[in-house]
Amino acid sequence: MPKLASYNGFIDSIENIKISPMSRAFLFSDSVYEVISFYQNKFIDFERHLDRLKHSLDETKIACSIDECSAEIKKLLNESDLESGYIYFQVSRGIDSIRSHFFDESDCERFGFIEKFSFFNQSPLKVMLVDDIRWQRCDIKSTSLLGNVLQMNDAKSMDCNEIIMHKNGQLTEGGASNIFFVKNNKIFTPKLSPNILPGITRHQVIKIIKQKEFDFIEGTFDINDLKEASSIWFTSTTKGIIEVKEIVNLETKINPKCELLKVCKEAFVSKYFS
Ligand SMILES: Cc1ncc(COP(=O)(O)O)c(C=O)c1O
């Protein structure tokens, strides 16, 4: 079956979808998005993804019915024969007659596609610590990802598959994931702020940590905390929970046999993927 996509509610093979070059998504990255996973034909935490999409739409003042988005995302899954994967879905402010920074009322433009993906057996990551050069509203899931893209590709040239970003030494998040670390048998993660995306997987993992009654702190942490960490993990919709094996430009005390990580990972897989 060819890769299926949806454009303003019409489903077709992705090769047949035509998008105007006057789309504000193309001209300005004036668009927001979600990545929603599904397993055994069922979405994982669908409503929470929709709530975050609504937050992104409201904060960017893109007028679009969330019910319409929800129906279109569900239709993509229903029309596909895939059992495990994710749907990428973006909403732009629409198509302009001229390229103007000023926007007026226009119809929002919705585009999504469905992709096969296996969530298991992902290898530990080699990462690079980099400056967080992004804008100040990273809580919005905007398609303007140039800061992430540039830093991730610098890291790739050092044979890394992810980055850990910091603002003046203060940890924010990964290039496409949230970060957790373990120190003295306690689990830590940067608290929510406009500098990080409120990850859906972050939320799921925190729920597990609280259910297990592990020592846990959401707060403000810096590079020195990472130097002392015995385990560092990323969380995201496509990664699930995945550990860091090495930070190429920072000496750490990572121990690959972290019991807290093992327990959280097992609980996560059993809750969402069984
Ligand atoms: C910058 C950033 N932070 C965090 C995440 C993790 O969010 P989620 O768990 O909702 O996939 C992502 C996911 O793409 C991301 O791009």
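Not measured: the values here are computed from a predicted model.

**Some remarks on the site of the ligand**
Phase 1: The environment of the ligand is made up of 13 residues, and the closest members are Leu197, Gly199, Ile200, Thr201 and Thr237.
Phase 2: At the level of elements, α5 (200-211) and β13 (231-236) are the ones that each hand at least two residues to the shell around the ligand.
Phase 3: For the shell around the ligand, the element with the highest residue contribution is α5, accounting for three residues.
Phase 4: Taken together, the residues of the shell around the ligand sort by class into four nonpolar, seven polar and two charged.

**With respect to the pairing of strand β8 (residues 162-167)**
Phase 1: As defined by bridge partners, strand β7 (residues 125-131) adjoins β8 across five bridges and the pair is classed as parallel. Residue pairing for β8: valine 130 is matched across the bridge by methionine 165.
Phase 2: In terms of handedness, the path from β7 via helix α4 (residues 146-156) over to β8 forms a crossover that is right-handed.
Phase 3: A loop of two residues connects β8 with strand β9 (residues 170-174), the two strands running antiparallel in sequence, and asparagine 168 in this loop sits at a positive phi of about 50°.

**Looking at the domain arrangement of the chain**
Phase 1: Domains assigned within the chain are domain 1 (4-116) and domain 2 (125-272).
Phase 2: The interface of domain 1 with domain 2 comprises 19 residues on the first partner and twelve residues on the second.
Phase 3: A total of seven residues in the side of domain 1 that touches domain 2 trace back to one element, the largest contributor, which is strand β3 (residues 31-39).
Phase 4: The class makeup of the residues in the side of domain 1 that touches domain 2 is seven nonpolar, seven polar and five charged.

Procedures and definitions
- Residues numbered from 1 in each chain as written.
- Predicted model: local features only at pLDDT ≥ 70, side-chain atom pairs only at ≥ 80, totals over all residues.
- Near = placed C-beta within 6 Å.
- Helix = DSSP H or I, 4+ residues; strand = E, 2+ residues; numbered from the N terminus.
- Nonpolar A, V, L, I, M, F, W, Y, C, P; charged D, E, K, R; others polar.
- Pairing = 2+ DSSP bridges.
- Right-handed = clockwise from strand over helix to strand, strands pointing away.
- Domains from an automatic or database assignment.
- Contact = placed C-beta atoms within 7 Å.

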